[in-house]
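A structural walkthrough
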Amino acid sequence: MTEDQLILTPNINGADDFYADLLTAHEGLSKAESDALNARLVLVLANHIGKRAILKQALAAAALKPGEDTA
Amino acid sequence: MNKIFEVPLYPYAHHADEDTAAPARRKVVVIGAGPVGLAAAIDLAQQGTEVVVLDDNDKVSFGSRAICFAKRPLEILDRLGCGQPMVDKGVQWNVGKVFFDDRQVYDFNLLPEDGHKRPAFINLQQYYFEEYLVKRVRELQEQGAPIEIRGRNKVSAIGTHPDHVTLEIDTPEGSYNLEADWLIACDGAGSPTRQMLGLDFVGRVFEDNFLIADVIMEADFPTERWFWFDPPFNKGQSALLHKQPDGVWRIDLQLGWDIDKEREKRPENVIPRLKAMLGEDVKFELEWVSIYTFQCRRMEQFRHGRVLFAGDSAHQVSPFGARGANSGVQDTDNLCWKLQLVIDGKAPESLLDSYDVERVHGADENILNSSRSTDFITPKSEMSRVLRDAVLDLSEHYEFARPLVNSGRLSVPCTYDGSPLNSADALDGPERTRPGSSCPDAPLGDGFLLDQLGGKFVLLTIDADAPDVIEEQGIEVTRLALSVKDDKTLALKDRYLGKHESGVYLIRPDQHVAARRPSFDENQFRHAIRRAIGKE
Ligand SMILES: Cc1cc2nc3c(=O)[nH]c(=O)nc-3n(C[C@H](O)[C@H](O)[C@H](O)COP(=O)(O)OP(=O)(O)OC[C@H]3O[C@@H](n4cnc5c(N)ncnc54)[C@H](O)[C@@H]3O)c2cc1C
């Protein structure tokens, strides 16, 4: 796997803990507030990743169209 | 044919204790002949301690309850002399399928680790589980062990004293009083003992109902676990199909909160639901149908002086992950050796406080895991559902999302990190065998390690010298000397030594690690033994 390849195999240590944290972050928010939180989260994570090539693959993966350039 | 859960297994019989002028005094009384009370009684009786089990009923557990029993409880049952019939009768499975909406999103093979005597888990009806335990009680009685079960003996009042407990018991022939040096309350989630002592039981009730049906099917469904999220036949809810012995299948259907339970339970309403799930032509017969609401809660403390709570009376979990009976049997595994030492005068009463510390820790871990599963299966908010559905959609395409799918995390033993009975880790060996861990099994010649450990303190040496026996404070610790040379599969080395050439482990009677070092050091191990029995 090269550095420019989106990781699509399990890569989170303590997946259940992460998921619980994610739900906790949304607890008590209205749907609109939750949507906004998700949007900010996407942008924060995207900035952390930084690499455009990976971000393009991630957009395609999230659209459930792996391998396609949807951006 | 009479169903097994309809036949009295321990019918009421008049006992001489009912006629004495002053109440008879027994060493240990256990309230409840469920899986946990029976396991506790067998454990104590095997060690020669007098134990009386009281149950307000005279039959095995009624209908659909536990079906999934995990490796650690099976290992404990081996020590209690009844693991084999369970495993022989139980169904083993490795393949699971996950469905979302109208399609299968993925399947998985559990690929359990090699080198263990017992499988990761078996499916077995709780009534068989209890029946085999009762058989074991009978076997012990024949060998003269001081154990009895008194059916239709309902405890109606309890008095606590510094050095004993008094009980008032109702039988079909009237009431009598009994005293016990120690009382183990295994009287289930509704624990009358807990209520009589006015103790708390706090936690979460999940606002949901589940229809649990056991059906006998002629169809040849594969031996797999199928879990549906939001299937067409149960829109917006979940469903589970799981195999049990005798062609019986467990079906769980989530029903939601606002339902009429009595109505939903009627066969004319259940059968169409099951047909929609299984297919119109599949022939089946209903063995049992019940509707449950699940909760996750526990007592603040499991020890109250001379009264010890174990199993559902002490903690209750939702069944996702099969942690109820499985963790209750681990409670008794933790408790009984300690109680035995206290009764024998070899350990201070305060050793029993470590039961509280260690098993509260276990209960919290179980509650955390089963709450998370429940939250995944039954999302609490719109956003939880959006995220849950996103995980499921992704899981169809990408492996990474599959570990996030949570339809139950199987019960594994908890590690007593930070327990006052542990000595500091002096080996820096494999994580999984650090002090507090339950010993992982390993092949040993023709047999297995855990069978060799048994139920006493053991000094396990691997390529290290040590005396054959150490006696400390009246505790005899015998050595089990092993070598990597005989460890063909290298499982022992891998699980107990890691990068080290040698190792010495002090192992408790419940097969948890108390201390470990690269080599034997008399002072250190004597110290570790004292610590493990609450003397330091
Ligand atoms: C649908 C469902 C599925 C489940 N699946 C699983 C699973 O797959 N794996 C798993 O490990 N667990 C599972 N569980 C949980 C499991 O059934 C319980 O954890 C287990 O039965 C607890 O055992 P216990 O001995 O503590 O209590 P119980 O089995 O409730 O036994 C308590 C006993 O105490 C007796 N008693 C009560 N009051 C008195 C009194 N006053 N005097 C005398 N006797 C009294 C009762 O008659 C009863 O026999 C499931 C539960 C449900 C409901």
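Model, not experiment: these values are computed from the prediction. (Residues numbered from 1 in each chain as written. Chains lettered and ligands numbered in written order. Predicted model: local features only at pLDDT ≥ 70, side-chain atom pairs only at ≥ 80, totals over all residues. Heavy atoms only, no water.)

This part covers the pattern of salt bridges. Here the idea is simple: oppositely charged side chains can pair when their charged atoms come close. Residues and elements named next belong to chain B. Within this structure, the stated rule accounts for 51 salt bridges over all chains. One salt bridge in this structure joins Asp 78 and Lys 117, with 3.7 Å as the shortest N-O distance. Here Asp 78, found in helix 2 (residues 71–79), pairs with Lys 117, found in the loop between strand 5 (103–109) and strand 6 (121–123); they are 39 residues apart in sequence, far enough to count as distant. For Lys 117, a relative accessible area of 27% puts it in the partly exposed group. A salt bridge links Asp 425 to Arg 516; the nearest nitrogen and oxygen atoms lie 2.8 Å apart. Separated by 91 residues along the polypeptide, Asp 425 in the loop between helix 10 (382–397) and strand 21 (443–444) and Arg 516 in strand 27 (residues 513–517) bring together distant segments of the chain. (Salt bridge = Lys/Arg side-chain N within 4 Å of Asp/Glu carboxyl O. Helix = DSSP H or I, 4+ residues; strand = E, 2+ residues; numbered from the N terminus. Buried < 20%, exposed > 50% of the residue type's maximum accessible area, 1.4 Å probe, protein only.)

All right, on to a nonpolar patch on the surface then. A cluster of nonpolar side chains, A:Leu41, A:Leu45 and A:Ile49, forms an exposed patch at the surface whose accessible area comes to about 240 Å². Checked against the element boundaries, A:Ile49 lands in helix 2 (residues 31–49). (Patch = residues over 30% accessible without salt bridge, like charges linked within 9 Å, V, L, I, M, F, W, Y side chains within 5 Å. Areas by Shrake-Rupley, 256 points an atom, 1.4 Å probe, with all protein chains shown as cover.)

Glancing now at the nonpolar core. Considering soluble globular proteins, one finds that nonpolar side chains tend to be buried as a cluster. All names here are of chain B. Core analysis: the biggest nonpolar cluster contains 98 residues, and Met 86 and Ile 184 have the highest contact counts within it. Looking at this core element by element, the count peaks at nine residues for helix 8 (residues 324–343). Taken together, domain 1 (4–90 + 123–201 + 296–365) and domain 2 (431–532) each give at least three residues to this core, which thus spans both. With sequence-adjacent residues up to four places away left out, Met 86 is seen in contact with Leu 74, Leu 77, Ile 122, Leu 124, Phe 129, Tyr 132 and Leu 133. (Core = buried A, V, L, I, M, F, W, Y, C linked by side-chain atoms within 4.5 Å. Domains from an automatic or database assignment. Contact = heavy atoms within 4.5 Å.)

The axes of two packed helices give the description: the angle between them and the distance between them. Residues and elements named next belong to chain B. Relative to each other, helix 1 (residues 35–46) and helix 4 (residues 126–142) sit at 25 degrees, their axes nearing to 10 Å. Between helix 1 and helix 4, the interaxial angle falls into the category roughly parallel. Between helix 1 and helix 4 lies a crossing whose hand is left-handed. Facing helix 1, whose interface residues are Pro 35, Leu 38, Ala 39, Ile 42, Ala 45 and Gln 46, helix 4 presents Gln 126, Phe 129, Glu 130, Leu 133, Val 134, Arg 136, Val 137 and Leu 140. Class assignment of the residues belonging to the contact of helix 1 with helix 4 gives a composition of ten nonpolar, two polar and two charged. (Axes fitted to C-alpha atoms, helices over the stretch in contact; angles between N-to-C directions. Parallel < 35°, antiparallel > 145°, perpendicular 65-115°, else oblique. Left-handed = near helix turned anticlockwise from the far one by under 90°. Nonpolar A, V, L, I, M, F, W, Y, C, P; charged D, E, K, R; others polar.)

Once that is clear, we can look at the site of the ligand. Residue and element names in this part refer to chain B. Around the ligand, the structure places 31 residues, and the nearest of them are Asp 55, Asp 56, Gln 126, Asp 312 and Asn 326. The contact in question runs from an oxygen atom of the ligand to an N or O atom on the backbone of Ile 67, over 3.1 Å. Between an oxygen atom of the ligand and a main-chain N or O atom of Cys 68, the distance comes to 2.9 Å. Protein contacts shield 89% of the accessible area of the ligand, which totals 1000 Å² for the unbound molecule. Of all the elements, helix 8 adds the most residues to the shell around the ligand, at three residues. Here the shell around the ligand is composed, by residue class, of 15 nonpolar, nine polar and seven charged. (Near = heavy atom within 4 Å. Polar contact = N/O pair within 3.5 Å; in protein donor to acceptor, adjacent residues only side chain to side chain.)

Once that is clear, we can look at the sheet that holds strand 14 (residues 238–243) of chain B. All names here are of chain B. Read across the open sheet, the seven strands follow the order 5-4-13-14-15-12-16; overall the sheet is mixed. Strands at the two margins of the open sheet, each flanked by one partner only, are strand 5 and strand 16 (284–292). Strand after strand, the sheet turns through a mean of 15 degrees between neighbouring axes, direction not considered. Here four bridges tie strand 13 (residues 225–229) to strand 14, and the two strands are oriented antiparallel to one another. When the sheet's bridge partners are listed, Phe 229 is paired in strand 14 with Ser 238. (Pairing = 2+ DSSP bridges.)

Right, let's talk about the domain arrangement of chain B for a bit. Interfaces are often described in size by the accessible area the parts lose on coming together. Residue and element names in this part refer to chain B. By domain assignment, chain B separates into domain 1 (4–90 + 123–201 + 296–365) and domain 2 (431–532). The straight-line distance from the C-alpha centre of domain 1 to that of domain 2 is 30 Å. Summing both partners gives a buried area of about 1000 Å² for domain 1 against domain 2, and 51% of it is carried by carbon and sulfur. On inspection of domain 1 and its partner domain 2, the count reaches one salt bridge. Our count for the contact surface shared by domain 1 and domain 2 stands at five residue pairs in polar contact (both at pLDDT 80 or more). Only helix 2, helix 8 and helix 9 (351–377) provide two or more residues apiece to the side of domain 1 that touches domain 2. (Buried area = accessible area lost by both parts, 1.4 Å probe.)

Once that is clear, we can look at the confidence of the model for chain A. The pLDDT averaged across chain A works out to 92; a share of 90% of its residues lies at or above 70. Here helix 3 (residues 52–62) of chain A is the element of chain A with the lowest mean pLDDT, 96, and helix 2 of chain A is the one with the highest, 98. (pLDDT = per-residue confidence, 0-100.)

To continue, consider unusual backbone geometry. Residue and element names in this part refer to chain B. In this structure, Asp 101 is a non-glycine residue whose phi angle is positive, near 60 degrees. Following the sequence through the fold, Asp 101 ends up in the loop between strand 4 (95–100) and strand 5. Asp 101 sits in the partly exposed class, given a relative accessible area of 28%. A positive phi angle, near 65 degrees, is found at Gln 511, a position not held by glycine. Relative to the elements of secondary structure, Gln 511 occurs in the loop between strand 26 (503–507) and strand 27.

Okay, the environment of B:Pro8 next. Positionally, B:Pro8 belongs in the segment before strand 1 (24–31). Judged by relative accessible area, B:Pro8 falls into the partly exposed class, the value being 39%.

Our next topic: the state of the cysteines. All names here are of chain B. Scanning all chains against the criterion turns up zero disulfides over all chains. Take Cys 296: it sits in no disulfide, and the sulfur closest to it among the cysteines is that of Cys 414, at 16 Å. Unpaired in this structure, Cys 336 has its nearest cysteine sulfur neighbour in Cys 186, at a distance of 8.3 Å. Relative accessible area serves as the criterion here: at 0%, Cys 336 is assigned to the buried category. (Disulfide = S-S within 2.5 Å.)

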